[in-house]
Amino acid sequence: MKYLSSLKSKNLSGQICLLRADFNLSSAELRRLNAEVRRKKFSIIRRPFSVSPRIAAILPAINFLTEKGAKVVILSHRGRPNPKSSKLQASSFTLRPFAGILSKLLKKSVVFVKFDTTNNLLTSDVDRPLKLEFTTSQVVNLRNKIKNAPGGNIFLLENLRFNAGEDKNDKKFAKQLASLGDFYVNEAFAFCHRPTASIAGIPKLLPSYAGFSLENEIKNLSAAMKAPKKPFVVVLGGIKIADKIGLIENFKNKADKFLIGGGIANTFLSARGDQVGKSLYEKEKIQFAKKLLKSPKIVLPVDVIVKNGSILDIGVKTRKNYAEAIKGAKTIIWNGPMGYIEDKGLRKGSEAVLRAILSSNAFSVIGGGETLSVTKNSKLKTQNSKLFLSTGG
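Residues numbered from 1 in each chain as written. Predicted model: local features only at pLDDT ≥ 70, side-chain atom pairs only at ≥ 80, totals over all residues. Heavy atoms only, no water.

Within the open sheet, the six strands sit side by side as β9-β8-β7-β12-β13-β14. Their pairing is parallel. Strand pairing shows two members of the sheet lacking a second neighbour, β9 (298–299) and β14 (387–390), which therefore form its edges. By the bridge criterion, five bridges tie strand β12 (residues 331–335) to strand β13 (residues 363–367) in an arrangement that is parallel. Its bridge partner lying in β13, I333 is registered against V365. (Pairing = 2+ DSSP bridges. Helix = DSSP H or I, 4+ residues; strand = E, 2+ residues; numbered from the N terminus.)

All right, on to the sheet that holds strand β1 (residues 16–20) then. Pairing in this open sheet of six strands is parallel, and the strands run β3-β4-β2-β1-β5-β6 from one edge to the other. Taken across any chain shown, the strands that pair with only one partner, and hence form the sheet edges, are β3 (110–113) and β6 (208–210). In this sheet, adjacent strand axes meet at a mean angle of 25 degrees when their direction is disregarded. In this sheet, strand β5 (residues 183–186) lies alongside β1 in parallel orientation, the contact comprising four bridges. Within β5, the position partnered with R20 by the bridge is N186. Sheet contacts for helix α3 (residues 59–67): β1, β2 (71–75), β4 (154–157) and β5; angle to β2, the most-contacted strand, approximately 150 degrees. (Axes fitted to C-alpha atoms, helices over the stretch in contact; angles between N-to-C directions. Contact = heavy atoms within 4.5 Å.)

A few words on the packing of aromatic side chains. The geometry of an aromatic ring pair is captured by two quantities: the separation of the ring centres and the angle between the planes. Applying the stated criterion across every chain yields a total of four aromatic pairs. When the ring of F23 is compared with that of F98, the centres are 4.7 Å apart and the planes differ by 10 degrees; the resulting orientation is stacked. Residue F23 is found in the loop between β1 and α1 (27–39), and its partner F98 is found in helix α5 (residues 96–106); the two are separated by 75 residues along the sequence. As far as the burial class goes, F23 and F98 line up, both buried. (Phe/Tyr/Trp six-rings, centres within 6.5 Å; stacked < 30°, edge-to-face > 60°. Buried < 20%, exposed > 50% of the residue type's maximum accessible area, 1.4 Å probe, protein only.)

In low-pLDDT segments, the atomic positions of the prediction should not be examined closely. Taken over all residues, the pLDDT of the protein has a mean of 85, while the share at 70 or more is 86%. Overall, residues 43–49 carries pLDDT values under 50, and its contacts beyond four positions in sequence, including any with other chains, amount to 11 contacts. Note on residues 117–129: pLDDT under 50 across the span, and 29 contacts to partners over four residues away in sequence or across chains. (pLDDT = per-residue confidence, 0-100.)

For the rest of this paragraph, the subject is the nonpolar core. F23, L65, I74, L102 and L156 are the most contacted members of the largest nonpolar core, which has 35 residues in total. When contributions to this core are tallied by element, the ones reaching two or more residues are β1, α1, α3, β2, α5, β3, β4 and β5. The element contributing the most residues to this core is α5, with six residues. Apart from the residues within four sequence positions on either side, L156 is in contact with F23, I74, L95, F98, A99, V110, V111, F112 and V113. Judged by nonpolar contacts, the second largest core, of 28 residues, contains L221, I241, I286 and A289. (Core = buried A, V, L, I, M, F, W, Y, C linked by side-chain atoms within 4.5 Å.)

The α-helix winds at 3.6 residues per turn, so residues separated by three or four positions along the chain end up facing the same way. Restricting attention to buried positions, one finds in helix α7 (residues 171–178) the residues F173, A174, Q176, L177 and A178. Against the buried residues of α7 lie β1, β2, α6 (136–148), β4 and α8 (197–201). Near the N-terminus of α7, the side chain that reaches the backbone nitrogen of K172, with its oxygen 3.2 Å away, is that of D170. (Polar contact = N/O pair within 3.5 Å; in protein donor to acceptor, adjacent residues only side chain to side chain.)

Another aspect to go through is the packing of α3 against α5. Closest axis-to-axis distance for the α3/α5 pair is 11 Å, and the angle between their directions is 70 degrees. Relative to α5, the element α3 lies roughly perpendicular. When the axes of α3 and α5 are compared, the crossing they make is right-handed. Of α5, the residues touching α3 (which contributes L59, I62 and N63) are L102, L105 and L106. (Parallel < 35°, antiparallel > 145°, perpendicular 65-115°, else oblique. Left-handed = near helix turned anticlockwise from the far one by under 90°.)

This brings us to the packing of helix α13 (residues 316–327) against helix α14 (residues 348–359). The N-to-C vectors of α13 and α14 enclose an angle of 20 degrees; their axes lie 9 Å apart at closest approach. One finds that α13 runs roughly parallel with respect to α14. The crossing of α13 and α14 is right-handed. Listed contacts from α14 to R319, A323 and I326 of α13 are K348, G349, A352, V353, A356 and I357. When the residues that make up the contact of α13 with α14 are grouped by side-chain class, the tally is six nonpolar, one polar and two charged. (Nonpolar A, V, L, I, M, F, W, Y, C, P; charged D, E, K, R; others polar.)

Moving on, we come to helix α11 (residues 262–272). With 10 of 11 residues buried, α11 lies mostly within the body of the structure. Burial in α11 covers these residues: G262, G263, I264, A265, N266, T267, F268, L269, S270 and A271. Summarising the contacts, the buried residues of α11 are in contact with β8 (257–260), α12 (286–292), β9 and β11 (310–314). Following α11 by one or two positions, G273 has its phi on the positive side, about 105 degrees.

As structure tokens, this is what we get:
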């Protein structure tokens, strides 16, 4: 795999880069980010948790490319709009707000671009239903607009999922996107496993590179996956075991312990025969959980916090047990919160895990949107110089 860092000595003046980003934030996350940027309550250097990691991840690549005279066309998606709908819920799915956010963070103008089926290239008019339908003339017009722009200009294309060809990895759509640039850079680590037009299609048509953050992800996660130092502890939370099967399968022979929390723990507890009341759990994964329980590596909560008949966090004794296991580890991977972190009173389990990781000397990887939100909302200071925050889940 080629890395963007290999182009440091290259002259990129006038070249057009298609940069695949990941702006898949919820409306609530976007509102918080907008508020932070407006109040300038962020510092990527001093407090990297403050800006959304998926936004912060692409800033170095954009600065590098524009400083070398390249023009950048940012591609991304957000949410799951229905391309066949005449009303695409612009406020919920449009990427327009990110143009303003990026402009303030980069201190450079970012041109927002969208299309519809009746007009040529549009850069305004949010009242119309938003559609990303390319005609040949529109593609040519946009290509010419970008080509004629001065070096260092930045463009943001509308939500790729407004075109059904994105998720279908449609060759025609991929070719249209590829025609807009000279080379491609992927900075969308959390979405790399999806066979879409912008992830799998474009790289077949253009010289392609892994961006700085993707290179960082690959190297750090490879260190954890290939030869983790022992003891190796995996902390697993979140709601569904189904989302963690791949991670469990990858590490079941390498990890020394799996510390279980969140809704996943409820499924394991039910599989063991414990009563979980109204708690969220996966009935269809009970048999899978029973098989895993045969392994002494699976560590379950010994006490829990219950509210309105539902288990919503790990208890005090469990926090101490998990902190002790983390303290003795040399490699740690944490994916998924220990409880219902939307409620401040139910973040204590997750914050206890974070505190233990930050206090350890282990090489640690924290990944996943919800897990990262714990670090973002925490006032704890990072003491662990070996901590890596992954934008993927």
